[in-house]
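# Fold and geometry: a report
Residues per chain are reported as follows:
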Amino acid sequence: MENYLLLKAAILTEGIRSDHESLKEVGTKYKEQNHGLFGWDFENHVNMKLPDDFTLPDGTVVQYRLNSKSPYNVKKNKNKLKLYFNENEICEVKWIERPNYYNNKTTNDNEMIKIGQIGGKDCLFFCFQNYCSNFKENKQCKFCNLVSTSKTYNSVIRKKDVQDIGEVTAAAWSEGSVNHVNITGGCYINEQEVTIVSEIIESIKEHTGFERVPGTILPAPAKGDDIQRYYDTGIQAIGYAMEVWDKKLYEATCPGKSENTSHDEFVTSIKKAVKIFGEGNVNIAMVMGLETKDTFLNGIKTLSTIGANVIPFVWAPNPGSKLEGHRAPSAEWYTETIIEAADIVYENKVPPGTENHCYLCDGNSLLHDALRLKGVI
Ligand code: SF4
């Protein structure tokens, strides 16, 4: 059987391309990219609709990252989509269905697609404010292309209305395939953030009837008493975008963010968040591939011991970031490292927190897939 973990790592680090026929129903029958926050392709594709993600035969979800030079390519063949490495057929793939609400508008007459987008098969994503103050002084994280993506595609409403978010949530949930929300403010460093999040969660509760909303809020790093305030909003899990575990590399990679939140402050806050939200309900976003295997795994060890989950995104250089034109580590490196990470998480018995984030949520991380091989779903 094909090693789908390795195949996913290879597609994420090499990118993918498709023939004209296979893209015909993208944006009508199948879900297209909408660039809700970052751009993950190797090259921009204004005016070209591309799939957001797709599935491999074992159900693995893979993010679509365009690279017109990639050896991985999809062709339509007898009504099926086939994945090839150059001319050699590997397996069938399937684009993911487009949600119906993408065609609808809110009562404020805003297009729902510009407010919340589906990640993978079941995660409703909102960036309530597409803005990050770190770009102002050229102190953005070196892998980040938030501003360039927003300028290139201008595809979403930058500041979303609370009522609109509630309506989109109700519409998305009514279709039966959404299981979680993922809410972020880009990097909205503002004392009012917790108040805005509280209003958003209230609106979601009103429109859906949830008592606690399944999913994750990922604000600017929550510290001190704010952690309890986020819990009191009624969201089930909280996230911390720590990005890089190695202290010095974190400061070098994320100059603006590290001025506001040091490595040690992250760890202190995460410990507190686990006490409040419970083990398995704190998700740490890391960018995997920027640091050594050793320091990355040290991070996995410490965070697992604390009882936090990690969502390590597979890094590949994207346009508009400072690392544009660099190369990611090999697919083999990613696969070996993530298998060791899964062993650590498994041994520490961190509750998987799959009611907040699961392997169907997004196609740019490998840890859920590696844990699935161990029977953790
Ligand atoms: S904090 Fe870093 S990763 Fe997040 S939006 Fe700002 S520059 Fe990008």
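Residues numbered from 1 in each chain as written. Predicted model: local features only at pLDDT ≥ 70, side-chain atom pairs only at ≥ 80, totals over all residues. Heavy atoms only, no water.

## Let's talk about the site of the ligand
The local shell around the ligand holds eleven residues, among which C132, N134, C141, C144 and K257 are the closest. For the shell around the ligand, the per-class residue count stands at seven nonpolar, two polar and two charged. (Near = heavy atom within 4 Å. Nonpolar A, V, L, I, M, F, W, Y, C, P; charged D, E, K, R; others polar.)

## Re the domain arrangement of the protein chain
When cut into domains, the protein chain gives domain 1 (4-95) and domain 2 (100-372). Between domain 1 and domain 2, the C-alpha centre-to-centre distance is 23 Å. With 32 residues of domain 1 at the interface, the matching set in domain 2 holds 45 residues. Across the domain 1/domain 2 interface, buried area totals approximately 3,000 Å², and carbon plus sulfur atoms make up 62% of it. Contact with domain 2 buries surface across domain 1, with L5, N34 and L37 losing the most and accounting together for 21% of the total. Linking domain 1 with domain 2 are two salt bridges. At the junction of domain 1 with domain 2, the criterion picks out 16 residue pairs in polar contact (both at pLDDT 80 or more). Elements with a minimum of two residues in the side of domain 1 that touches domain 2: α1 (4-14), β2 (53-55) and β3 (61-63). (Domains from an automatic or database assignment. Contact = heavy atoms within 4.5 Å. Buried area = accessible area lost by both parts, 1.4 Å probe. Salt bridge = Lys/Arg side-chain N within 4 Å of Asp/Glu carboxyl O. Polar contact = N/O pair within 3.5 Å; in protein donor to acceptor, adjacent residues only side chain to side chain. Helix = DSSP H or I, 4+ residues; strand = E, 2+ residues; numbered from the N terminus.)

## A look at the side chain of D53
Among the secondary structure elements, D53 is positioned in strand β2. The class for D53 is buried, based on a relative accessible area of 4%. In this structure the side chain of D53 is engaged in a polar contact, spanning 3.0 Å, whose partner is the side chain of K31. Of the polar contacts made by the side chain of D53, one reaches the backbone nitrogen of G120; its length is 2.9 Å. (Buried < 20%, exposed > 50% of the residue type's maximum accessible area, 1.4 Å probe, protein only.)

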